[in-house]
Amino acid sequence: MERILRGIMRYRVLDRASMVKQFQEVRDNPTPKAVFYTCMDSRMIPTRFTETSVGDMFVVRNAGNVIPHSQYFVDEMTSCEPAALELGCIINNIRHIIVCGHSDCKAMNLLYTMKNKDASSTEQRRISPLKSWLCTHGQSSLSKFLAMHNDFSKPMLFTAETPQRKFVAYIDPDNKFCIEDKLSQVNTLQQLQNVASYGMLKQRLEKHDLHIHALWFDIYTGDIYYFSRRAKRFIIIDESTYEIILAEVRRFYS
């Protein structure tokens, strides 16, 4: 708490005036351009690595950057993730949804260990909210991952904006990342399907007025990867690929 209080005092001296100026520019009518889902991991600071500012994005964070499938939206029971879809894309007419996973994700590392059925038993779920969350909302990612039988030279098939807009993905074809990171990438792409399962988004998705993207952040190198449906893989965003990725975004998602 002392560290946080010292940080607030530094903010007052160094950043408060400029931030208040940004708030005044945005005032009561911000125009955010994206709903950004990412992990609650303390090393993930999305506004910093995207260089976004006040009013640019809605940011939703949880353990494992998971968006529950609409099948779990029953009666009055829901969570903040689909509520953010409604607030962002229905009420505020935002056109881009971004899901960003990352390396060494503790939630994904735990989910990987839960391939052992004992770890996801009813008793374990009763005493662990985190395991219960991952058992319920991470199972589709884990099942799709396990179906590969550790052979990631084979393509995986995902559904995007509509059931007709399927895309192929090759997970870590250069075999740069550990097995848990491969699961993290599968999980990130699985969330695109989960987002598209919400009926309230159906009309906009079918009209190509709403688009879903996947990013993946390598914590230990600071590199950010964009999932290219054209390349069928996550590709690093750098000086050599920026224009290629930008062209794809403009062609398919503008």
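First, a word on what this report is: a plain description of the structure on this page.

What counts and how
Residues numbered from 1 in each chain as written. Predicted model: local features only at pLDDT ≥ 70, side-chain atom pairs only at ≥ 80, totals over all residues. Heavy atoms only, no water. Phe/Tyr/Trp six-rings, centres within 6.5 Å; stacked < 30°, edge-to-face > 60°. Helix = DSSP H or I, 4+ residues; strand = E, 2+ residues; numbered from the N terminus. Buried < 20%, exposed > 50% of the residue type's maximum accessible area, 1.4 Å probe, protein only. Pairing = 2+ DSSP bridges. Axes fitted to C-alpha atoms, helices over the stretch in contact; angles between N-to-C directions.

Attention now goes to the packing of aromatic side chains. Aromatic rings in a pair are described by how distant their centres are and how their planes are angled relative to each other. Per the counting criterion, the structure on display carries 10 aromatic pairs. Ring geometry for Phe 49 against Phe 217: centres 4.5 Å apart, planes inclined by 20°, an arrangement best described as stacked. You can see Phe 49 sitting in helix α3 (residues 46-49) and its partner Phe 217 sitting in strand β6 (residues 211-218), a full 168 residues away along the chain. Each member of the pair, Phe 49 as well as Phe 217, is classed as buried. Site record: aromatic cluster; members linked through ring pairs are Phe 158, Phe 167, Phe 227 and Phe 234.

Let us look at unusual backbone geometry. One non-glycine residue, His 149, lies in the positive phi region at around 50°. As for its position among the elements, His 149 is in the loop between α8 (139-146) and β4 (156-159). Judged by its relative accessible area of 66%, His 149 is exposed. For Asn 175, which is not glycine, the phi dihedral falls at a positive 55°. Counting through the fold element by element, Asn 175 comes out in the loop between β5 (166-169) and α9 (179-196).

Of the pairings in the sheet, the one linking strand β7 (residues 223-228) to strand β8 (residues 233-236) comprises 4 bridges and is antiparallel in character. Residue pairing across strands places Tyr 225 opposite Ile 236, the latter belonging to β8. Adjacent in sequence and paired antiparallel, β7 and β8 are bridged by 4 residues, among which Lys 232 carries a positive phi angle near 65°.

Attention now goes to the sheet that holds strand β3 (residues 96-102). Pairing in this open sheet of 6 strands is mixed, and the strands run β2-β1-β3-β6-β7-β8 from one edge to the other. The open sheet has two edge strands, β2 (57-62) and β8, and neither has a second partner. Adjacent strand axes in the sheet meet at a mean angle of 25° when their direction is disregarded. Pairing of strand β1 (residues 34-39) with β2 involves 6 bridges; the strand directions are parallel. In the sheet register, Ala 34 faces β2, and the bridge partner there is Met 57.

The analysis is restricted to geometry; functional conclusions fall outside its scope.
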